[in-house]
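Working through the structure, step by step
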Amino acid sequence: MAQSTAFTYHGQLSDSGKPASGLYDLTFTLFDAGAGNNMLGQPVTNSAIGVTNGAFAVLLDFGASFPGADRWLELAVRTNGAASFTTILPRQQITPVPYAITASNLSGTLPVSQLSGT
């Protein structure tokens, strides 16, 4: 398998209604529903993420947590080094792009007619 289970998440962060800028700690938690407490795996924390004019990008890896079922991502944020995180609601449903990793679950032979390219 040439690819990992990691994917890039791009986000926009506001602080008091204005685009945030500076360093922020971000925690991402994967759930199996838009509400409720059924967390999948452990949260992923990225520390000292640079946010410029509200924009940021992080690499997330929840391992083999995408079997084809619906998944939601919950984000919590704090200014770099602050004591506690603030959860941003609602959770965001993860759309099919990260599910491309499920292609590694194929087994058996694929007919040439289903392939393209060289």
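An account of the accompanying structure is given in this report. Position labels on residues start from 1 in each chain and follow its written sequence. Totals for whole chains, interfaces and linings use every residue, but because this is a predicted model, local features are given only for residues with pLDDT of at least 70 and side-chain atom pairs only at 80 or more, for both listing and counting. Excluding hydrogens and water, the side-chain values take into account all heavy atoms of the structure.

Here we come to the pairing of strand S8 (residues 86-93). For two strands to count as paired, DSSP must find a minimum of two bridges between them. Secondary structure elements follow DSSP: runs of H or I no shorter than four residues count as helices, runs of E no shorter than two count as strands, and numbering proceeds from the N terminus. Relative to S8, strand S7 (residues 72-79) runs antiparallel, the two being bridged by five bridges. Bridging across to S8, Leu-75 finds its partner in Ile-88. Hairpin connection from S7 to S8: six residues lie between these consecutive antiparallel strands, with Gly-81 at a positive phi of about 90°.

By convention, a stacked pair of Phe, Tyr or Trp rings (six-membered ring in the case of Trp) has centres within 6.5 Å and planes under 30 degrees apart, an edge-to-face pair has planes over 60 apart, and any other such pair is tilted. Taken as a whole and assessed by the stated rule, the structure comprises two aromatic pairs. Ring geometry for Tyr-9 and Phe-28: centres 5.3 Å apart, planes at 65°, overall edge-to-face. Here Tyr-9 is found in strand S1 (residues 7-12), whereas its partner Phe-28 is found in strand S4 (residues 22-31), with 19 residues between them in sequence. Among the aromatic side chains, those forming a connected cluster through ring pairs are Tyr-9, Phe-28 and Phe-56.

Here the focus is the pattern of salt bridges. Take a side-chain nitrogen of Lys or Arg and a carboxyl oxygen of Asp or Glu: if they are within 4 Å of each other, that pair is a salt bridge. Summed over all chains, the structure comprises two salt bridges. Asp-25 is the partner of Arg-78 in a salt bridge, and the nearest nitrogen-oxygen pair spans 2.8 Å. Here Arg-78 is found in strand S7, whereas its partner Asp-25 is found in strand S4, with 53 residues between them in sequence. Using a relative accessible area of 21% as the deciding quantity, one classes Arg-78 as partly exposed. Think of it in three bands: with a 1.4 Å probe and only protein chains considered, a residue is buried below 20% of the maximum accessible area for its type, exposed above 50%, and partly exposed in between.

Let's shift gears to the nonpolar core. To form a nonpolar core, buried Ala, Val, Leu, Ile, Met, Phe, Trp, Tyr and Cys residues must be joined to one another through side-chain atoms within 4.5 Å. Formed by 21 residues in total, the largest nonpolar core has its most connected members in Leu-26, Phe-28, Phe-56, Val-58, Leu-60 and Phe-62. Breaking this core down by element, the ones donating at least two residues are S1, S4, strand S5 (44-51), strand S6 (55-60) and S7. Among the elements that take part in this core, S4 stands out by supplying four residues, more than any other.

So, about the sheet that holds S4. With respect to topology, four strands assemble into an open sheet ordered S5-S4-S7-S8, the strand pairing being antiparallel. The open sheet has two edge strands with one neighbour each: S5 and S8. Geometrically, the sheet is characterised by an average inter-axis angle of 30° between neighbouring strands, direction not taken into account. Here eight bridges tie S4 to S7, and the two strands are oriented antiparallel to one another. Bridge assignment links Asp-25 to a residue of S7, and that residue is Arg-78. Working convention: axes come from line fits to C-alpha atoms, limited for helices to the stretch in contact. Angles between N-to-C directions cover 0 to 180 degrees.

Turning next to unusual backbone geometry. In the segment running from Leu-89 into Pro-90, the intervening peptide bond is cis, with an omega of 5°. Considering the arrangement of structural elements, one finds Pro-90 in strand S8. Within the chain, Ala-48 stands out as a residue other than glycine whose phi angle is a positive 55°. As for its placement among the helices and strands, Ala-48 is situated in strand S5. Positive phi values are uncommon outside glycine, yet Asn-53 reaches one of about 50°. Topologically, Asn-53 is positioned in the loop between S5 and S6.

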